[in-house]
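Letter by letter, the chains look like this.
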Amino acid sequence: MEPSLVEAVRSGDRKALARAITLIESGQPLGEIGDRRTAIVGITGPPGAGKSTLIAVLIEMIRDKGETVAVLAVDPSSPLTGGAILGDRIRMQAHVDDDGVFVRSMATRGHLGGLAEASSDAIRLMSLAGFDRLIVETVGVGQSEVEIMDLADAVVLVVGPSWGDQIQADKAGIVEIADLFVVNKGDRSGALDVKRALREVADAGGAKVLVTTATSGDGVDELLAAIEKLVGI
Ligand SMILES: Nc1nc2c(ncn2[C@@H]2O[C@H](COP(=O)(O)OP(=O)(O)OP(=O)(O)O)[C@@H](O)[C@H]2O)c(=O)[nH]1
Ligand SMILES: [Mg+2]
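So, here is what we can say about the structure in this document. All figures in this text were calculated on a predicted structure; none of them were measured in a lab.

## Here we look at helix 2 (residues 14–25)
- An ideal rise of 1.5 Å per residue puts 16 Å on 12 residues; helix 2 measures up with 17 Å between its terminal C-alpha atoms.
- Within the sequence span of helix 2, burial applies to Leu17, Ala20, Ile21 and Ile24. When helix 2 is viewed along its axis, its buried side chains cluster within an angular range of 100 degrees and face the same direction. Exposed residues lying more than 90 degrees from the buried face of helix 2 are Lys15 and Ala18.
- Positioned one or two residues after helix 2, glycine 27 has a phi angle of 105 degrees, which is positive.

Shown next, in the form of structure tokens:
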């Protein structure tokens, strides 16, 4: 990519960042851009678990602390769950004119270079742009998610209260790469059973298991604190 554009991104130019990501989406390789500046927090999990809803609450909390935040949602919004795309959720919460929030979605299925490569380039670029926080949302529990999450400094796996049976059958290994587990929809029955099942796999690696209710915000402050501890501030 054009060095002057990369330099503009590094200097904090949000329009340049948006343009550079569009170029990546159209297949342009990023190349070497040097070290990242912002730690990458990956939030992944099955469709409809509540990842975007949680991220919208996290954005509120991060902004309340006076910090800036960028979010990349890779392949957002599964048509199966009817989940709103993250950008819509943020707009609903009136961050559309807030310069301290940058939200971008990337639909990359069928992308020439593959889902993992294009999104990895976009993530590296966003990490250069000088935000205090960087969150990446991916949907699913497959190999692409594992590849994207390889880039993250901390991986949070969000599941819903019906995910118990899936934990042992996790062939792609997303459970193994998670640093923190969240059972969302704590207001629904079954959440505590899933927490117990996750405990067994989490304990070995020392990862925490939290329960949240994204729609009410319950437990999300503990989630933010746990994330901050993982990426070290
Ligand atoms: N009852 C309940 N519903 C929730 C909770 N969190 C999210 N939801 C609902 O679950 C649905 C999916 O939420 P999303 O945040 O879009 O989930 P997602 O994991 O981002 O979904 P995809 O991006 O499509 O995979 C929406 O209708 C939310 O309102 C919760 O804590 N409790
Ligand atoms: Mg989502």
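Don't stop here, the text continues.
## Here's the deal with the packing of helix 1 (residues 3–10) against helix 2
- Running from amino to carboxyl end, helix 1 crosses helix 2 at an angle of 130 degrees, the nearest separation of the two axes being 7 Å. It follows from the interaxial angle that helix 1 and helix 2 lie oblique. Along this stretch, helix 1 crosses helix 2, giving a crossing that reads as left-handed. Here Leu5, Ala8 and Val9 of helix 1 lie close against helix 2, whose contacting residues are Ala16, Leu17, Arg19 and Ala20.
- For the contact of helix 1 with helix 2, the class distribution of residues is 6 nonpolar, no polar and 1 charged.

## As for the sheet that holds strand 5 (residues 154–159)
- Pairing within the open sheet is parallel, and its 7 strands lie in the order 3-2-4-1-5-6-7. Only two strands of the sheet have a single neighbouring strand rather than two, namely strand 3 (101–106) and strand 7 (208–211). Averaged over all neighbouring strand pairs, the angle between strand axes comes to 20 degrees, with direction disregarded.
- Sheet topology places strand 2 (residues 69–74) next to strand 3; 6 bridges connect them, and they run parallel. Across the sheet, the residue bridging to alanine 73 is serine 105, located in strand 3.

## What about the pairing of strand 4 (residues 133–139)?
- Of all 7 residues in strand 4, 7 are buried; the element is thus mostly enclosed.
- Covered by surrounding structure in strand 4 are Arg133, Ile135, Glu137 and Val139 together with Leu134, Val136 and Thr138, the residues of both alternating faces.
- Judged from the 6 bridges that link them, strand 1 (residues 40–45) and strand 4 form a sheet pairing that is parallel. Paired with isoleucine 40 across the strands is leucine 134, a residue of strand 4.

What counts, and at which threshold
- Residues numbered from 1 in each chain as written.
- Chains lettered and ligands numbered in written order.
- Predicted model: local features only at pLDDT ≥ 70, side-chain atom pairs only at ≥ 80, totals over all residues.
- Helix = DSSP H or I, 4+ residues; strand = E, 2+ residues; numbered from the N terminus.
- Expected span 1.5 Å × (residues − 1).
- Buried ≥ 20, exposed ≤ 12 C-beta atoms within 10 Å, placed from the backbone.
- Arc of directions from axis to C-beta.
- Axes fitted to C-alpha atoms, helices over the stretch in contact; angles between N-to-C directions.
- Parallel < 35°, antiparallel > 145°, perpendicular 65-115°, else oblique.
- Left-handed = near helix turned anticlockwise from the far one by under 90°.
- Contact = placed C-beta atoms within 7 Å.
- Nonpolar A, V, L, I, M, F, W, Y, C, P; charged D, E, K, R; others polar.
- Pairing = 2+ DSSP bridges.

On their own, these measurements won't tell you what the molecule is for.
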